[in-house]
Amino acid sequence: MGEIDLKRSNALSEIISHTPTWVFIVFFTLLVLGFMQTKERIVNVKAVFILPIAMVIFSFMGVYSVFNLSFLPLALWLLGLISTSVVGIKLGIPKSVSYSAQDEKLTIPGSKVPLMFMMAIFFTKYFVGFAVARDLPLIHGFNFLIIISLAYGIFSGIFLSRSIVMFKVSQSR
């Protein structure tokens, strides 16, 4: 049992040691941004689109880096993005967002959702990068293409729908 744990520890150590420094910078930046989202904050209306646009680009680059500009992965990514955005907008999530017309600012309740999905996108991208670098057989499978493309789109759609819901709050008052 101890020998297996030692092998796993060595393998994990090797994976981490071969990870470029910039990946850790992105990880900690996302972690800080995600923790900031857990607290109530007051923001300019235009600012609610910064993070979602960044996450959409980050997830798109995840699909592009593995599958290039192939039709099916991009279509699946777009399907995940649009369908999740539509559902999120219809559900009106996040709730309890308020707008001050006088200050032209939104008050957004704290939520762990953005942190969870930032980490989901990051670790999906990290896993995919690892799998591609190791040329693991699963990267050549059709299921991998479907799951990864849809997952990236779904994650991004959640961010996009949240920003649209917040923007709509500012426009309805």
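Preceding this section is the structure that the text describes.
Just so we're clear, the structure is a prediction, and the values are computed from it rather than from any experiment.

Colleague: It is not clear to me how the sheet that holds strand 3 (residues 105-108) should be interpreted in this structure. Could you clarify?
Modeller: Paired through backbone hydrogen bonds, the strands of a sheet run either parallel or antiparallel to each other. An order of 1-3-2 is seen for the three strands of this open sheet, with the pairing classed as antiparallel. With one partner strand each, in any of the chains shown, strand 1 (41-44) and strand 2 (98-100) form the two edges of the open sheet. Within this sheet the neighbouring strands show an average axis-to-axis angle of 30°, counted without direction. Across three bridges, the pairing between strand 2 and strand 3 is antiparallel.

Colleague: Would you mind going over the packing of aromatic side chains with me for this structure?
Modeller: The description of an aromatic ring pair uses the distance of the two centres, along with the angle that the planes make with each other. Evaluation of the coordinates by the stated rule reveals 10 aromatic pairs. Seen from their ring centres, Phe27 and Phe28 are 5.0 Å apart, and the 70° between their planes marks the pair as edge-to-face. Grouped by ring-pair contacts, the aromatic residues Phe27, Phe28, Phe122, Phe123 and Tyr126 constitute a single cluster. Above the ring of Phe58, the side-chain terminus of Lys125 is found at 5.9 Å from the ring centroid.

Colleague: Looking at this structure, how should I read unusual backbone geometry?
Modeller: What you tend to see is this: most non-glycine residues have negative phi, and most peptide bonds are trans. Omega for the peptide link from Ile93 to Pro94 comes to 15°, which places this bond in the cis form. Position of Pro94 relative to the elements: it lies in the loop between helix 4 (71-91) and strand 2. Here Asn68, not a glycine, exhibits a phi torsion of approximately 60°, which is positive. Counting through the fold element by element, Asn68 comes out in the loop between helix 3 (50-67) and helix 4. A relative accessible area of 48% means that Asn68 is categorised as partly exposed.

Colleague: I tried to follow the layout of surface pockets on my own but got confused; where do I start?
Modeller: The probe, sized like a water molecule, is rolled over the atoms to show the empty space still left. In this structure, the largest pocket occupies an estimated 500 Å³ of space. Lining the largest pocket we find 22 residues, and of these Pro20, Val23, Tyr126, Gly129 and Phe130 sit closest to its centre. Put simply, the parts of the chain that give the lining of the largest pocket at least two residues each are helix 1 (2-17), helix 2 (21-36), helix 3 and helix 5 (113-133). Sorting elements by how many residues they give to the lining of the largest pocket places helix 5 first, with eight residues. One number sums up the size of the second largest pocket: a volume of about 320 Å³. Around the second largest pocket, the lining comprises 16 residues; the ones closest to its centre are Gln37, Arg41, Ala47, Val48 and Leu51. Contributing elements (two or more residues each) for the lining of the second largest pocket: helix 2, strand 1, helix 3 and helix 6 (142-171). Residues belonging to the lining of the second largest pocket are distributed by class as follows: 12 nonpolar, two polar and two charged.

Cut-off values and rules
- Residues numbered from 1 in each chain as written.
- Predicted model: local features only at pLDDT ≥ 70, side-chain atom pairs only at ≥ 80, totals over all residues.
- Heavy atoms only, no water.
- Pairing = 2+ DSSP bridges.
- Helix = DSSP H or I, 4+ residues; strand = E, 2+ residues; numbered from the N terminus.
- Axes fitted to C-alpha atoms, helices over the stretch in contact; angles between N-to-C directions.
- Phe/Tyr/Trp six-rings, centres within 6.5 Å; stacked < 30°, edge-to-face > 60°.
- Lys NZ or Arg CZ within 6 Å of the ring centre and 35° of its normal.
- Buried < 20%, exposed > 50% of the residue type's maximum accessible area, 1.4 Å probe, protein only.
- 1 Å grid on protein atoms, 1.4 Å probe; cavity = no way out; pocket = protein on both sides within 12 Å on 5 of 7 lines; lining within 4 Å.
- Points joined across faces, edges and corners; volume = space filled by probe spheres on them.
- Nonpolar A, V, L, I, M, F, W, Y, C, P; charged D, E, K, R; others polar.

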